[in-house]
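# Geometric and topological summary
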Amino acid sequence: AIEMATSPLKAKPRDLIVIPEAAPPRRGAPLPLIAIVGVLALLIGGGIAYAWQVSRVNDSEAARVRAVNDKIASQARAGALIQRVTLLEASAATLEQRLADAKRGVGVVSASKAEVRRILTQTQADLAATRERLATMIGPGLADGRHIGRILAVGSGATPPRLVFDLERYFVGRAARDAAIEDGVIKPGEPLPGNHYIRNSSPQWRILRVSSTALVTLHGYRGVPGPTTVSLSAFERILSSKAAADERVRHDPFWIRISGGQVVAIRQQPYP
């Protein structure tokens, strides 16, 4: 799962180290060498500390930018995948119709028996290859019930509507600590923020059919207390939005409920 890091407090270049005033030296007495060395050490040390802080800020910002770019790239790939699946399904439907027509002799009346057999064989082979590509893109199905994961893209205008789902596992309590320690996220004895943990053990995506009447429940969306219900098309716009209020929605996992092989409800799971 992707977590956005916040930048640490930035040091300001005008911030200086204040050295307390000392009593004026005796007339004619030069400033002790040790004092000069001390002042230089403080100034040099402050410069090094500032440079280190700046480098940490730059590293954090670079990591944040990389995470955002990775997320955008994943969403673009997921959206394109829905389009490819829709096109392949249309091709499969065309091939199925062509095969049925050929078996009934439609369109091949003047063809020889050998030519008809060749057309049937080629059409069956094309249909099998198309179905295999579809199965690979769609991924394994999910049983009826509730599942949690990341939603990378929604195609509300597809027929039928679809979404790209990255399946995860959700742990709470002691099981969450054990899973986080096992994955090396925290060390034994370290606290686990929120006392819950999500594991994503497979990079495989699933393309799931969505009921046209499915609704999406968001929590605390745009400052509204409690749940907010939006349509699938509104949810699709949120996932592609660059607004700050929509950023959190895109990074939170979602519970989906499947019935009859399709998604019938979607609910946001707020996650730190």
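On a predicted model such as this, the values are computed, not experimentally measured, just so you know. (Residues numbered from 1 in each chain as written. Predicted model: local features only at pLDDT ≥ 70, side-chain atom pairs only at ≥ 80, totals over all residues. Heavy atoms only, no water.)

## Concerning the pairing of strand β4 (residues 206-219)
The condition that has to hold: What makes two strands pair is DSSP finding at least two bridges between them. Only runs of H or I of at least four residues qualify as helices and only runs of E of at least two qualify as strands under DSSP, and these elements are numbered from the N terminus.
Two strands pair when backbone bridges link them, and strand β2 (residues 162-172) and β4 are joined in this way by 4 bridges, in the antiparallel orientation. Across the sheet, residue V164 finds its bridge partner in β4, namely I207. For β4 and strand β7 (residues 262-268), the ladder comprises 4 bridges, and the chain directions are parallel. In the strand pairing of β7, V216 is matched with I266.

## A look at the packing of helix α4 (residues 232-240) against helix α5 (residues 244-251)
This is how it is decided: Throughout, an axis means a line fitted to C-alpha atoms (over the contacting stretch in the case of helices), and angles, computed between N-to-C directions, take values from 0 to 180 degrees. Relative orientations are named as follows: roughly parallel for angles under 35 degrees, roughly antiparallel for angles over 145 degrees, roughly perpendicular for angles from 65 to 115 degrees, and oblique for any other angle. Working rule for contacts: check all heavy atoms of both residues, and any pair within 4.5 Å makes them a contact. Residues are sorted three ways: Asp, Glu, Lys and Arg are charged, Ala, Val, Leu, Ile, Met, Phe, Trp, Tyr, Cys and Pro are nonpolar, and all the rest, Gly among them, are polar.
For the pair α4 and α5, interaxial distance at closest approach is 8 Å and the crossing angle is 100 degrees. Between α4 and α5, the angle is such that the two are roughly perpendicular. Here F235, I238 and L239 of α4 lie close against α5, whose contacting residues are D246, V249 and R250. When grouped by side-chain class, the residues that make up the contact of α4 with α5 number 4 nonpolar, no polar and 2 charged.

## Quick word on the packing of aromatic side chains
Applicable threshold: Each pair of aromatic rings taken from Phe, Tyr and Trp, with Trp reduced to its six-membered ring, is defined by centres within 6.5 Å and is described as stacked if the planes are under 30 degrees apart, edge-to-face if over 60, and tilted in the remaining cases. Any Lys NZ or Arg CZ that is within 6 Å of a ring centre and within 35 degrees of that ring's normal is treated as a charge sitting over the ring.
Inspection of the entire model under this criterion finds 3 aromatic pairs. Positioned over the ring face of W255 is R146, at 4.1 Å from the centre of the ring.

## Points about the pattern of salt bridges
As a reminder of what qualifies: For this analysis, a salt bridge means a side-chain nitrogen from Lys or Arg found within 4 Å of a carboxyl oxygen belonging to Asp or Glu. Three labels apply to residues, based on accessible area from a 1.4 Å probe with only protein chains included: buried if under 20% of the type maximum, exposed if over 50%, partly exposed otherwise in between.
Enumeration according to the criterion identifies 12 salt bridges in this entry. Residues E115 and R118 are paired through a salt bridge, measuring 2.9 Å at the closest nitrogen-oxygen approach. One end of the pair, E115, and the other, R118, are both in helix α2 (residues 113-138), 3 residues apart, so they sit about a helical turn from each other. For R118, a relative accessible area of 46% translates into the label partly exposed. Put simply, R250 and E247 hold a salt bridge, and the shortest N to O gap is 2.1 Å. With R250 and E247 both in helix α5 and 3 residues apart, the pair spans about one turn of that helix. R250 gets classed as buried once you look at its relative accessible area, which sits at 9%. When salt bridges that share partners are traced, they join E89, R162 and R209 into one network.

## Description of the nonpolar core
Selection rule: Nonpolar cores are built from buried Ala, Val, Leu, Ile, Met, Phe, Trp, Tyr and Cys residues. Side-chain atoms within 4.5 Å join them into one set.
The biggest cluster of nonpolar side chains holds 23 residues, and the ones touching the most others in it are I151, L163, F235, I256 and I266. Ignoring sequence-local partners within four residues, the contact set of I266 consists of I151, L163, L215, V216, T217, L232, F254, W255 and I256. Ranked by size, the runner-up nonpolar core spans 21 residues in total, among them L99, V108, L120 and L152.

## Some words on unusual backbone geometry
Leave glycine aside and you will find that most residues have negative phi; peptide bonds, for their part, are mostly trans. Omega for the peptide link from T159 to P160 comes to -5 degrees, which places this bond in the cis form. For N195, which is not a glycine, the phi torsion comes out positive at approximately 60 degrees. By the secondary structure assignment, N195 is in the loop between α3 (173-182) and β3 (196-199). Here the phi dihedral of R222 falls at roughly 55 degrees; this positive angle occurs in a residue that is not glycine. Structurally, R222 is set in the loop between β4 and β5 (227-231).

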